[in-house]
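# Residue-level structure breakdown
In case you want the letters, here they are:
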Amino acid sequence: VSLSHTGASISPDPTMPQNYTSPVLYTVTAEDGSSQPYTVTVTGIAADQWARTVTAGADSSYFTSIAVDGSGNVYAAGYQQGTGTFTYGTGVNVTGTAISSNVVLVKYNA
């Protein structure tokens, strides 16, 4: 959430993190001392579904494209450098066969 204003102050400080699971009351105070309350209500906060990380081998790996199919499966395409072994998720290990670039295509089930 981003807030901007032209008044003298906003309380609570809009640059500080807020818990928006319940409505948050902001009060904007103008330079003349008058104030106006605003209630900020956030709906539809998405829940984390999943996350993946790559454990790099001796060199680097890069994803250059990502696609999602109609069933929610995620496909990540890219390459890894060198002959090291990279881990793309539990039980998904790929060892490069070329000293230079090796193509990688990984599927993450929905």
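Reference entry: report on the structure contained in this document. (Residues numbered from 1 in each chain as written. Predicted model: local features only at pLDDT ≥ 70, side-chain atom pairs only at ≥ 80, totals over all residues. Heavy atoms only, no water.)

Turning next to the pairing of strand β4 (residues 61–68). Here β4 runs beside strand β5 (residues 74–81); their pairing, made up of 7 bridges, is antiparallel. Following the sheet pairing, Y62 is matched in β5 by Y79. Counted between consecutive antiparallel strands, the loop separating β4 from β5 contains 5 residues, among which G72 sits at a positive phi close to 90°. (Pairing = 2+ DSSP bridges. Helix = DSSP H or I, 4+ residues; strand = E, 2+ residues; numbered from the N terminus.)

Counting residues in hydrophobic clusters, the biggest one holds 6 residues: V74, F86, Y88, V104, V106 and Y108. What V104 contacts, discounting residues up to four positions off in sequence, is A76, A77, G78, Y79, Q80 and Y88. Grouped together as the second largest cluster of nonpolar side chains are 5 residues, I10, Y20, V24 and Y26 included. (Core = buried A, V, L, I, M, F, W, Y, C linked by side-chain atoms within 4.5 Å. Buried < 20%, exposed > 50% of the residue type's maximum accessible area, 1.4 Å probe, protein only. Contact = heavy atoms within 4.5 Å.)

Along the polypeptide, N102 turns up in strand β8 (residues 101–108). Classification of N102 as buried rests on a relative accessible area of 8%. Only 3.0 Å separates the side chain of N102 from the backbone nitrogen of T97, close enough to count as a polar contact. Engagement of the side chain of N102 in a polar contact is seen with the backbone nitrogen of A98, the distance being 2.9 Å. In this structure N102 touches G78, Y79, Q80, Q81, G82, G96 and T97, once residues within four positions along its chain are discounted. (Polar contact = N/O pair within 3.5 Å; in protein donor to acceptor, adjacent residues only side chain to side chain.)

Once that is clear, we can look at the pairing of strand β2 (residues 24–29). Side chains on a regular strand alternate between the two faces of the sheet. The sheet contact formed by strand β1 (residues 9–11) and β2 spans 3 bridges and is antiparallel. Following the sheet pairing, S11 is matched in β2 by T27. Across 6 bridges, β2 lies against strand β3 (residues 35–40) in antiparallel orientation. Each bridged residue has a counterpart across the sheet, and for V24 the counterpart in β3 is V40. Here β2 folds back onto β3 in antiparallel fashion, the turn holding 5 residues, of which G33 has a positive phi close to 95°.

Before going further, it helps to examine the side chain of Q80. Along the chain, the position of Q80 falls in strand β5. In this structure the side chain of Q80 is engaged in a polar contact, spanning 3.4 Å, whose partner is the backbone oxygen of V94.

Once that is clear, we can look at the sheet that holds β5. Spatially, 3 strands are ordered β4-β5-β8 in an open sheet, and the strand pairing comes out antiparallel. The open sheet has two edge strands with one neighbour each: β4 and β8. Neighbour-to-neighbour, the strand axes of the sheet open up by a mean angle of 20°, direction not taken into account. (Axes fitted to C-alpha atoms, helices over the stretch in contact; angles between N-to-C directions.)

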